[in-house]
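Geometric and topological summary
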Amino acid sequence: MKPLIALGAMTFSFFAGASERPPAVAGSFYSDDPDALRSQVVEMLASPAARTPSVALVVPHAGYVFSGAVAGRAFSTLDPKQAKRVILLGPSHHDSFAGGALPARRIEAFSTPLGGIALDRPAVERLRGSPLFDGPASAHGPEHCLEVELPFLQVAVPDAKIVPILVGARTDRETARRMAQSLAPLLDEHTVVVVSSDFTHHGDRYGWTPLRGPDLGEQLVHLGRVTAGRLAAVDPPGFAHQIEVSGDTVCGAKPAMVLMELLAGAFTGAGRLAEVTTSGHRTGSWDLSVTYASVVFHGNWKPWTDAPAEPPLPVMNAEQGAEAVALAV
């Protein structure tokens, strides 16, 4: 009977564990030792808390040794008494699709070395029926961008449940706006939105090397400030334009656009750029560098209202064009 008992225990354990998404990058992006991880997160959250709690954040998702302190600056502005639901938005690094991807139906929690963090099942199921959120659930399996934020949430807002959404790279601005409109009914005084995104990826490995010179680190920080500044200004067209004209390689540009549309349509308040740095400031080399920024938004959610239509660009007729050319000669 003992072998059968052992087999039964193993079978139960397998099915019990099947309801949790296991960590994919514990031990590499962050410590897999619970005590060490908690101590590290507590230390990174030691920044003075804002007097007004934030309702939305943009935070990086690299290894803690590189970006953890930047993320901690933003997470420290959350109020554990206020935040009971966290809508997590991040880019899919492994699957290409349009819109959002939710976890598989069987998933009830995401686990880390600190334990499980439960999904807000009613909120997730409310989104599941929409074609805007029918991306591949399998994208969550190897993905790190949401996972690395979880220990911060488990320490900073331990009672919060999560709504984890990966946003595909093929998401255009109109889809982002419609996703935001679908998320707006979930917003209340106990809901926080967190976007996981690194900023500029610069170097041969990333295929983007337009910046040169001995002050490369300063140039990268400046570019990060300009791009993240468009987020802090709650300027959806300005952010999209900045990405387009600069070519800035922001991996979370699509989920950030969903947040921008959400803030433009269902938020009253202001954003603030908390910090910008690069991996080069840690390694001493910017030949292969990633920029990390944190942005916090203080204010209140409100019922969705459509933003005013952007004014069309003026178009010259033939006569006006000829006059303009004549003036330029």
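This one's a predicted model, so the numbers in the text were calculated from it and none came from an experiment.

Points about the packing of helix H8 (residues 236-246) against helix H9 (residues 253-266)
Direction vectors running N to C along H8 and H9 enclose 160°, while the axes themselves pass 9 Å from each other. Between H8 and H9, the interaxial angle falls into the category roughly antiparallel. As for how H8 packs across H9, the hand of that crossing is right-handed. Counted together, Pro236, Phe239 and Ala240 of H8 and Ala253, Ala256, Met257, Met260, Glu261 and Ala264 of H9 form the full contact between these two elements.

Examining the nonpolar core
Of all hydrophobic cores here, the largest spans 85 residues; its most connected members are Phe75, Leu153, Ile165 and Leu183. Apart from residues lying up to four places away in sequence, Ile165 is in contact with Ile87, Leu88, Leu89, Gly90, Gly100, Ala101, Leu102, Leu127, Phe133, His140, Leu146 and Leu183.

Observations regarding the packing of aromatic side chains
Here the structure, examined in full by the defined rule, presents 4 aromatic pairs. Feature note: the residues Tyr30, Tyr64, Phe75 and Phe152 constitute an aromatic cluster, connected by ring pairs.

Things to note about the side chain of Ser92
Structurally, Ser92 can be placed in the loop between strand E3 (85-91) and strand E4 (100-101). On the basis of relative accessible area, Ser92 is assigned to the buried category, the value being 11%. Reaching out from Ser92, the side chain makes a polar contact with the backbone oxygen of Asp95 at a distance of 3.0 Å. Sequence-distant contacts of Ser92, defined by excluding residues within four places in its chain, comprise Phe97, Ala139, Glu143, Leu166 and Val167.

A few points about the sheet that holds strand E5 (residues 109-112)
Pairing in this open sheet of 3 strands is mixed, and the strands run E1-E5-E6 from one edge to the other. The open sheet has two edge strands, strand E1 (20-21) and strand E6 (115-118), and neither has a second partner. Bridge count for E5 against E6 is 4 bridges, and the pairing is antiparallel. Within the sheet, the bridge partner assigned to Thr112 lies in E6 and is Gly115.

Observations concerning helix H2 (residues 34-44)
Listed as buried for H2 are Leu37, Val41 and Met44. Looking straight down H2, one finds its buried side chains confined to an arc of 65°; they lie on one side. The exposed set on the far side of H2, more than 90 degrees from its buried face, consists of Asp35 and Glu43. Its buried side turned inward, H2 meets helix H3 (64-75) and helix H5 (150-156).

Some details on the confidence of the model for the protein
In this model, the protein carries a mean pLDDT of 90, and residues with pLDDT of at least 70 account for 87%. Between residues 1-17, whose pLDDT stays under 50, and residues either more than four places distant or in other chains, the model counts 0 contacts.

With respect to the pairing of strand E2 (residues 54-59)
For E2, the tally of buried residues reaches 6 of 6 residues, placing the bulk of the element in the interior. Relative to strand E11 (residues 289-301), E2 runs antiparallel, the two sharing 4 bridges. Bridge pairing in E11 places Val58 opposite Val295. Bridge analysis of E2 against strand E8 (residues 191-196) gives 4 bridges, and the strand direction is parallel. If you follow Ala56 over to E8, its bridge partner there is Val193.

About the criteria used
- Residues numbered from 1 in each chain as written.
- Predicted model: local features only at pLDDT ≥ 70, side-chain atom pairs only at ≥ 80, totals over all residues.
- Heavy atoms only, no water.
- Axes fitted to C-alpha atoms, helices over the stretch in contact; angles between N-to-C directions.
- Helix = DSSP H or I, 4+ residues; strand = E, 2+ residues; numbered from the N terminus.
- Parallel < 35°, antiparallel > 145°, perpendicular 65-115°, else oblique.
- Left-handed = near helix turned anticlockwise from the far one by under 90°.
- Contact = heavy atoms within 4.5 Å.
- Core = buried A, V, L, I, M, F, W, Y, C linked by side-chain atoms within 4.5 Å.
- Buried < 20%, exposed > 50% of the residue type's maximum accessible area, 1.4 Å probe, protein only.
- Phe/Tyr/Trp six-rings, centres within 6.5 Å; stacked < 30°, edge-to-face > 60°.
- Polar contact = N/O pair within 3.5 Å; in protein donor to acceptor, adjacent residues only side chain to side chain.
- Pairing = 2+ DSSP bridges.
- Arc of directions from axis to C-beta.
- pLDDT = per-residue confidence, 0-100.

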